[in-house]
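A closer look at the structure
Here is what each chain is made of, one letter per residue.
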Amino acid sequence: MILQSIKMALKSILASKMRSFLTMLGIIIGVMALVVLVSLVTSATSSVASSISSMGNDLFTVSIRDDGGEPIALDELDKLIASENLAQAAPQFLSSASVRKGTSSIRVNVIGTTNAYFNIMNNKLAAGRLISLPDVKNGTHVAVLSNEAAAELFENVVINDIIGRTFRTDDMLYTVIGVLEKSDSVTAIGQQSYAIYVPFSLSLRLAGSAAVTNFYATAIDNNSIDAAEIDLNLALLQRFNGNTDAYYVQSMRTLSETLSSVQDTFALLLGGIAAISLLVGGIGIMNIMLVSVTERTREIGIRKAIGATRSSIMAQFLLEALVICLIGCAIGVAASAIVVLVVNLVSIYGSAAASSGSVTFSMPYSLSGTVVLASVIFSTLIGVVFGLYPAGKAARMQPIQALRYE
Amino acid sequence: MIELRHIYKDYYIGDSVVHALNDVSLSIGDGAFVGVVGPSGSGKSTLMNILGILDTADCGEYLLDNTSVADMSDSELAQLRNRNIGFVFQNFNLIGRMSIAENVELPLIYQGVKLAKRRLMVKEALEKVGLSERGHHTPNSISGGQQQRAAIARALVTRPSLILADEPTGNLDSATGTEIMQLLHELNAAGSTIVLITHDHNIAAQTGHLLHIMDGKLSDGGAGGHGVSGDGAGGHGVSGHGAAIKNGDACGRGAGDGAAIKNGDVSGAGGHGVSGADAGGRGAGGADADDSASTNNEQKDGRQ
């Protein structure tokens, strides 16, 4: 019986293709809006969120805003992370420089730091060695290159052969001591890919400064993040004699939590807007179904005369609304998949044109399964809710009145 | 076997009441071919609707194959229509976007007959009306006569105990009309009970038994004038019913509804179909006509 009703529904949908399509259009657009928007937002923010969490939730960023005439020296860091909840600390001093390469020059970010930095950032060596304690002590002119910087500065040179080679910035000659593996966490915190790492003391000397203004610290494990944050704050408070404005501690966990809540809000907001358009589509369906019921009054009368029960008339029109919604939903999901694919191609092509380097063909955006499922459920609901009234109207018709209808 | 007992049906147009059916009783035996003839507005369509259970009587009893339809639910009525009654309408009432075969198949679908059996029954029904070759056509692409044949095929495909034909020849030219009548006679000869409602005396005369309806009252015209089929009049017979059922029981409102006028009607009409005993019962009931009439009105309001 249900199968028969579905057949009947399909038949009457196919009987007026243009009208059915226009009716579906509301659902198609609604589903597309829902699926595409939510998929894009989810993909975009989740890639940022995942690179942040790849650096670890146990990371703290401390910036010193006002040292009150008592700058923090490098060897003070160990004292600040003396608590058993804190593991390591590494200073960071950011500056930039141009590296001469033939006739042109390349902008690089120079990060002055210590050995612990690579550990904290999860940076692995591809070749050579990292910045050592003596390097920092002596301020030797050595540099560890990020993978991208190495590829840019020493084109077509095997990584192992880069070690020991030199390059020149405006005022300094560096010897390459190590090259890092590729890492995506670097871009996440806003640093350029062309990063070179030099001993902390060297970068300070170049800048004519002597103080630690930025450093990273990590908690001993994920369970002690809260305790570690308190201890770190306490230590800094003590160091700056109770001046809370002197420093700022940011927990990576807070950051990623904030980010994921922003992502959720965005998805919800866009999903809500899309859901409204879906709702409007549903109203369109109800409208057309009402017209259709009126138009087919005589047919309903005939069906009732030859033995259709209320429930079979009800089922017929309800299924018609439902089938329209689900076909619309299917078309909408298919169209969304195409749109997401196009967005992927455009963004890949765009980034390929920008970097002109090696292009990895990974799709940055993907169709979110959850939202596809949600759109199917939502479409079904809309079909039922907005089909119910017209179907009920059809089912309640009195056969003689319906038969008499012209 | 179809039996109507003291059927009343009123319509309200504004404040005025139209007695579409006024104490109609009749019984139709299996295999009869009964014509109901009357001018427009006589109540024949209402009778058809009641017989076809498309509408229910205000009061009175309708027994279809010894089952009273009075207390049936909406879906039970639909099933009864589906199994026991086949309709043939003046304007054919085929569903335009379905093929002839699909139209004929529809009652079987509602009956829940399996596909293979359905195909067979549809084929059989179309053969009976001579439309085997037209099954895949849509109603619009065949002639009116063929459409009516298709409608007849749809009516008989469920092998109903009653085929109700409402002006089946009304939209057809006389030659085609004759063909359709011929077909109905064939079906009747094969055992179908047929009630044909018409305003056309020539058509009505071709039935086995004739009932006249006028102003909601039924009277027995005896066997059809030309006696095309004597079958109905002879064997099974049709009778205007006059059983002395207590009027108050059959219809709570009848007693108060101006029995005196009713009496007049009866005598005016020649006493057909309404027995003296019945009329007498009404007369007695009329004693407190005022009281009952007011009750009656309340009941009517309640029904509306």
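Preceding this paragraph is the structure being described.
The rules behind the values
- Residues numbered from 1 in each chain as written.
- Chains lettered and ligands numbered in written order.
- Predicted model: local features only at pLDDT ≥ 70, side-chain atom pairs only at ≥ 80, totals over all residues.
- Heavy atoms only, no water.
- Helix = DSSP H or I, 4+ residues; strand = E, 2+ residues; numbered from the N terminus.
- Buried < 20%, exposed > 50% of the residue type's maximum accessible area, 1.4 Å probe, protein only.
- Contact = heavy atoms within 4.5 Å.
- Areas by Shrake-Rupley, 256 points an atom, 1.4 Å probe, with all protein chains shown as cover.
- Pairing = 2+ DSSP bridges.
- Axes fitted to C-alpha atoms, helices over the stretch in contact; angles between N-to-C directions.
- Buried area = accessible area lost by both parts, 1.4 Å probe.
- Salt bridge = Lys/Arg side-chain N within 4 Å of Asp/Glu carboxyl O.
- Polar contact = N/O pair within 3.5 Å; in protein donor to acceptor, adjacent residues only side chain to side chain.
- Nonpolar A, V, L, I, M, F, W, Y, C, P; charged D, E, K, R; others polar.
- Left-handed = near helix turned anticlockwise from the far one by under 90°.
- Phe/Tyr/Trp six-rings, centres within 6.5 Å; stacked < 30°, edge-to-face > 60°.
- Lys NZ or Arg CZ within 6 Å of the ring centre and 35° of its normal.

Below, the discussion takes up the overall build of chain B. Secondary structure assignment for chain B yields 12 helices and 11 strands. A total of 304 residues make up chain B; the buried ones form 52% of that total. In chain B, the share of contacts with a sequence separation of at least 24, taken over all contacts with a separation of at least 6, comes to 73%. Of the accessible surface of chain B, which amounts to about 12,500 Å², a share of 49% is contributed by carbon and sulfur atoms.

Here we come to the sheet that holds strand β11 (residues 247-251) of chain A. All names here are of chain A. Strand order in the open sheet formed by 4 strands is β2-β10-β1-β11, and the pairing between neighbours is antiparallel. Two strands bound the open sheet, and with one partner strand each, they are β2 (86-91) and β11. With direction set aside, neighbouring strand axes in the sheet form an average angle of 20°. Bridging between strand β1 (residues 59-64) and strand β10 (residues 214-219) involves 5 bridges; their strand directions are antiparallel. Paired with Val 62 across the strands is Phe 215, a residue of β10. Seen against the sheet, helix α11 (residues 252-295) touches β1 and β11 and runs at an angle of roughly 60° to β11.

The next point concerns the interface of chain B and chain A. In this complex, chain B contributes 23 residues to the contact, which on the side of chain A involves 24 residues. In terms of surface lost to chain A, no three residues of chain B exceed Leu 54, Arg 97 and Tyr 110 of chain B, which account for 32% of the buried area on that side. For the interface between chain B and chain A, the tally reads 3 salt bridges. Across the pair Glu 102 of chain B and Lys 11 of chain A runs a salt bridge whose closest N-O atoms are separated by 2.1 Å. Viewed at the interface, chain A and chain B are joined by 7 residue pairs in polar contact (both at pLDDT 80 or more). Secondary structure elements with two or more residues in the side of chain B that touches chain A: α2 (74-84) and α3 (100-111) of chain B. In terms of residue class, the side of chain B that touches chain A is built from 11 nonpolar, 5 polar and 7 charged.

All right, on to the packing of helix α1 (residues 2-15) of chain A against α3 of chain B then. Running from N to C, α1 of chain A and α3 of chain B cross one another at 145°; their axes reach a closest spacing of 12 Å. Judged by the twist between their axes, the crossing of α1 of chain A over α3 of chain B is left-handed. Facing Gln 4, Met 8 and Lys 11 of chain A of α1 of chain A, the residues of α3 of chain B in contact are Glu 102, Leu 106, Ile 109 and Tyr 110 of chain B.

Let us now look at the packing of aromatic side chains. Residue and element names in this part refer to chain A. One pass over the structure, following the stated rule, counts 8 aromatic pairs over all chains. Judged by centre distance (5.2 Å) and plane angle (70°), the ring pair of Phe 118 and Tyr 197 falls under edge-to-face. Of the two residues, Phe 118 sits in helix α4 (residues 115-120) while Tyr 197 sits in strand β9 (residues 195-199), which places them 79 residues apart along the sequence. Note on accessibility: Phe 118 and Tyr 197 belong to one class, buried. Taking the centre distance of 5.5 Å and the plane angle of 25° together, the rings of Phe 167 and Tyr 174 count as stacked. By relative accessible area, which is 5% here, Phe 167 ends up buried. Members of the aromatic cluster, joined through ring pairs, are Tyr 117, Phe 118, Tyr 197 and Tyr 216. The lysine or arginine in question, Arg 239, covers the ring of Phe 240, its NZ or CZ lying 5.2 Å from the ring centre.

We now examine the environment of Ala 308 of chain A. Tracing the backbone shows Ala 308 of chain A in the loop between α12 (297-305) and α13 (310-355). As a C-alpha pair, Ala 308 of chain A and Ala 395 of chain A span 87 residues in sequence and 9.4 Å in three-dimensional space.

With that out of the way, let us pick up the pairing of strand β4 (residues 59-64) of chain B. All names here are of chain B. Looking at chain direction, strand β1 (residues 2-13) and β4 are connected through 5 bridges and run antiparallel. From the neighbouring strand, Leu 4 faces β4, where its bridge partner is Tyr 62. In this antiparallel pair of consecutive strands, β4 and strand β5 (residues 67-68), the connection spans 2 residues, and Asp 65 shows a positive phi of 50°.

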